[in-house]
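Overview (structure and organization)
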Amino acid sequence: MIRAQAALETRMLLRNGEQLLLTVVIPTLLLVLFSAVDIVAVPTETAGGEGKAVDFLAPGVLALAVMSTAFTGQAIATGFERRYGVLKRLGASPLPRWALMTAKTCSVLVTEVLQVVLLTVIAFALGWSPQGNPLAALLLLVLGTAAFSGLGLLMAGTLKAEVTLAAANLVFLLLLVGGGVIVPMEKFPGAVRTVLELLPVSALSDGLRDVLQHGAGMPWGDLGILAVWAVLGLGAAARLFRWE
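What comes next concerns the included structure. (Residues numbered from 1 in each chain as written. Predicted model: local features only at pLDDT ≥ 70, side-chain atom pairs only at ≥ 80, totals over all residues. Heavy atoms only, no water.)

Some points on the overall build of the chain
For clarity, the threshold we go by: Numbering of helices and strands starts at the N terminus; helices are DSSP runs of H or I of at least 4 residues and strands are runs of E of at least 2. Every radius of gyration here is taken over C-alpha atoms, with the globule rule written as 2.2 Å times N^0.38, N being the number of residues.
Across its full length, the chain carries 10 helices and 2 strands. Secondary structure elements of the chain occur, N-terminal to C-terminal, as α-α-β-β-α-α-α-α-α-α-α-α. Radius of gyration (C-alpha) of the chain: 18 Å, near the 18 Å computed for a compact globule of 244 residues. Seen through its principal axes, the chain has C-alpha atoms that stretch 60 × 35 × 30 Å.

Quick word on the pattern of salt bridges
What counts, and what does not: The salt bridge definition used is simple: a Lys or Arg side-chain nitrogen within 4 Å of an Asp or Glu carboxyl oxygen. Each residue gets one of three labels from its accessible area relative to the maximum for its type: buried under 20%, exposed over 50%, partly exposed in between, using a 1.4 Å probe on protein chains only.
Inspection of every chain in the model, using the stated rule, returns 6 salt bridges. A salt bridge links lysine 104 to glutamate 9; the nearest nitrogen and oxygen atoms lie 3.4 Å apart. Pair noted here: lysine 104 is in helix H5 (residues 97–125) and glutamate 9 is in helix H1 (residues 2–15), with a separation of 95 residues, a long-range link. Take lysine 104 and glutamate 9: they sit in the same class, and that class is buried. A salt bridge links lysine 104 to glutamate 81; the shortest N-O distance between them is 2.6 Å.

Side note on the packing of helix H3 (residues 53–83) against helix H6 (residues 134–158)
The line we're drawing: Between N-to-C directions, angles span 0 to 180 degrees; the directions come from axes that are lines fitted to C-alpha atoms, helices contributing only their stretch in contact. Any angle between 65 and 115 degrees counts as roughly perpendicular, while under 35 counts as roughly parallel, over 145 as roughly antiparallel, and the rest as oblique. Throughout, a crossing is termed right-handed when the near helix is turned clockwise from the far one, and left-handed when it is turned anticlockwise from it by less than a right angle. Two residues qualify as a contact provided that any one of their heavy atoms is within 4.5 Å of a heavy atom in the partner residue.
Orientation of H3 relative to H6, taken along the N-to-C sense of each, is 25 degrees, at an axis distance of 8 Å. The orientation of H3 relative to H6 falls into the category roughly parallel. Relative to H6, the crossing made by H3 is right-handed. Contacts from Val66, Met67, Ala70, Phe71, Gln74, Ala75, Thr78, Gly79 and Arg82 of H3 reach H6 at Leu141, Gly144, Thr145, Phe148, Ser149, Leu151, Gly152, Leu153, Met155, Ala156, Gly157 and Thr158.

Looking at the nonpolar core
In plain terms, the rule: Only buried residues count toward a nonpolar core, which is a set of Ala, Val, Leu, Ile, Met, Phe, Trp, Tyr and Cys residues joined through side-chain atoms within 4.5 Å.
Among the nonpolar cores identified, the biggest contains 47 residues, and Leu31, Met67, Phe148, Ile182, Leu204 and Leu208 are the most heavily contacted of them. Secondary-structure elements contributing two or more residues to this core are helix H2 (17–36), H3, H5, H6, helix H7 (161–178), helix H9 (200–212) and helix H10 (220–240). Ranked by residue count, the leading element in this core is H3, at 15 residues. In this view, phenylalanine 148 contacts Val66, Met67, Ala70, Phe71, Pro200, Val201 and Leu204; residues no more than four positions away in its chain are not counted.

Written as structure tokens, this is what we have:
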């Protein structure tokens, strides 16, 4: 049942033009545009010496892709499913509610795999030279997915669908600018930067950048921040989520 529901959720996501714009088109355009045009000065130093802008941008865009799918896309889709009574009907079906949430998580993971593969291929075509341990990057992506999924489900399960739509898109735009995705954190004042570095997208983008651009070891600090957000978000979502 979980496999069938996950396949259905994935097909519905891939058929949704608005979701594809958010999860695939926007990250791809940002990666290509900012790699090709010197709009924002970014640090290009890598573990192997001087690199290219894409070495800085690719990890941040991967973090943005995770946020767009696990948080923004999932929050909006689940919020409207809740409004139209879809979740209530599924909750009364033989599929347990925990299994429905598991299927949604599997759908998010499948979509993220497709995103990561596409963005990685494009980044390589632009001259990306990743460094570091891929297992550390994978762990960051998994914890980032858990953190954003919890926050997305919390928003979808507590707010009205229209409010979720507006709030999720607003958060996406704000974190795109202030989450270290495109604009380096060094551009922000010290006090503001300290706060921004505690955000999940900042921890994910910085952790991926430390590993893939600078060849660092396991980024325990960033993993810790993501783990805290994951526990808080998923715990609050499980406690406060309303199915009707």
